[in-house]
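Spelled out, the chains give:
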Amino acid sequence: AAKHSGRNHFRLFDDGLSTRLEMRRDCERDLSQALAEGELEVWFQPIFGPDGRSVTNLEALVRWHHPVHGWVPPADLISAAAMAGLTESLLRFILEQVCAMLCALRTRGLHDLSVAMNVSPREMAQIAVDEIVLGRLRVLGLPATALEIEITEETALDIEAVQGKLLALSRAGIRMALDDFGTGYSSLASVRQLRADRVKIDRSLVTGLSEAEDKRGLVQAVLGLGRALGLEVVAEGIETADDLATLQAMGCPFMQGYHLGRPQPRDDILRFLDARPRADVQALRLREA
Ligand code: C2E
Ligand code: MG
Ligand code: MG
Ligand code: MG
C-alpha cells in the first residue's frame, strides 16, 4: 500500500523533480516488498569467444523497475539494500536466479556455459557469501565450476575474513574474475591475491579504443599480462564494429558489449542462445593457457 500512495504522491509533481536522494529513500522503503513480490529481475548479458559470435558464458545483472523512479541503477539498488538491511536477501535472490539459469542451460545441454554473478565489496565483507553460494550449489547438484564470481578491486582483499571467503570459493572450484580492471587502484598484487581466473578490462578503456591509441596501449598491456600469468582476459563495453575488429586483431580472447549482445531477460537470452553457434570453451581455455 505504501508503494501505491508513494506513486500518487509523486504524480502530483513533475517527474523531473524527483531527485536522486528521493529515489534512494524510496528504494530503501520499497525494496523489501519488491523482493517479496517478484518485482526484481536478473537479466543476462552474453560474453563471446574470439570470433565474436560464439557465446562462452553469461553475466547476471540485477534489474529493478521501480513503479515511480523507473530503472534503478544496480549500484543504487545495492546501497538501498544495505540501508534496508536486505543485503543478504538480495544476494540470495540473485543467486537463486543465477542457479535457475544454470539449470535451464543444463536442461538444454549447454553444460559448458558458465554464469558470472557480481558480488559487491560490501556483500563480500558482510555476509557469508562462500557458505551461501556453495550451499545452494550443493543442494541443487550444480558443479562449482559452472559459477563465476566477479569482484572489483575495492573488495578489501587485505581483510582476513574476506580472504578466507575468497579462498573457500576458489578452492571449491568457483571461477573468480576481477571486474573493472584498469580503473581505480588496479594492482597486480590483487590479481595474485585473488587467484583470479580472469580479468575484465573496464569499459572506460575499451569503448572507443579503435580511435584512441592510449587505450589500445593499455589494453595490449593487459592482454600481455593475461598471457604471462595464464589469465583469461575479457574486454567489456564493446559498442562498435570498429572496436570489435581492433580487439580481435589484438588477440583479445573474450568479449562483451552492446555491439555483441545486450543484457536481456532470461527467456530472451535462452532464445538468443538457441540461435547461436556454440563455443568450444575447453579449447579456448587450452589455447589461453
Ligand atoms: P559490471 O559488473 O562492470 O557490469 C557491466 C555493466 O556494463 C552493466 O551495467 C552492463 O549492462 C553494462 N554494459 C555492458 N556492455 C556495455 C556496453 O557496450 N556499453 C555500455 N555503456 N555499458 C555496457 P549495469 O547492469 O547497469 O551494472 C552496473 C554495475 O552494477 C555492474 O558493473 C556491477 O558492478 C553492478 N551490478 C550489476 N548487477 C549486479 C548484481 O546482481 N549484484 C551486484 N553486487 N552488483 C551488480
Ligand atoms: Mg561484472
Ligand atoms: Mg565491469
Ligand atoms: Mg563496471
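Whatever comes next refers back to the structure up there.
Since the model is a prediction, treat every value here as computed from it, not as a measurement. (Residues numbered from 1 in each chain as written. Chains lettered and ligands numbered in written order. Predicted model: local features only at pLDDT ≥ 70, side-chain atom pairs only at ≥ 80, totals over all residues. Heavy atoms only, no water.)

Moving on, we come to the coordination of the magnesium ion (ligand 2). Binding of the magnesium ion (ligand 2) to the protein goes through Glu59 (OE), Asn118 (OD1), Glu150 (OE) and Asp179 (OD), at separations of 2.0 to 2.2 Å. Here the magnesium ion (ligand 3) and the magnesium ion (ligand 2) are spaced 4.1 Å from one another, each receiving a donor from Asp179. Here Asn118 is found in strand β4 (residues 114–118), whereas its partner Asp179 is found in strand β6 (residues 175–181), with 61 residues between them in sequence. (Donors = N, O, S within 2.8 Å, 3.2 Å for Na, K, Ca; no water. Helix = DSSP H or I, 4+ residues; strand = E, 2+ residues; numbered from the N terminus.)

Looking now at the coordination of the magnesium ion (ligand 3). In the first shell of the magnesium ion (ligand 3), the protein supplies Asp179 (OD), Asp180 (OD) and Glu236 (OE), at 1.9 to 2.2 Å from the metal. The exposure class of Asp179 is buried, given its relative accessible area of 6%. (Buried < 20%, exposed > 50% of the residue type's maximum accessible area, 1.4 Å probe, protein only.)

Residues Arg198 and Lys200 line one face of strand β7 (residues 198–201) and the alternating positions Val199 and Ile201 line the opposite face, and both faces are buried. In this structure, β6 lies alongside β7, joined through three bridges in parallel fashion. Bridging from a neighbouring strand, Leu178 pairs with Val199 of β7. (Pairing = 2+ DSSP bridges.)

Moving on: the pairing of strand β2 (residues 55–66). Burial within β2 is extensive, with eleven of its twelve residues counted as buried. The sheet contact formed by strand β1 (residues 40–48) and β2 spans nine bridges and is antiparallel. Counted as the bridge partner of Pro46 is Leu58 from β2. In sequence, β1 turns back onto β2 through a hairpin of six residues, with Gly52 there showing a positive phi of about 70 degrees. Pairing of β2 with β4 involves four bridges; the strand directions are parallel. Directly across from Leu58, in β4, lies its bridge partner Val115. Inspection of the sheet shows β2 paired to strand β3 (residues 70–71) by two bridges, in the antiparallel sense. Bridged to His65 within β3 is Trp71. Here β2 folds back onto β3, and the loop between the two strands holds three residues.

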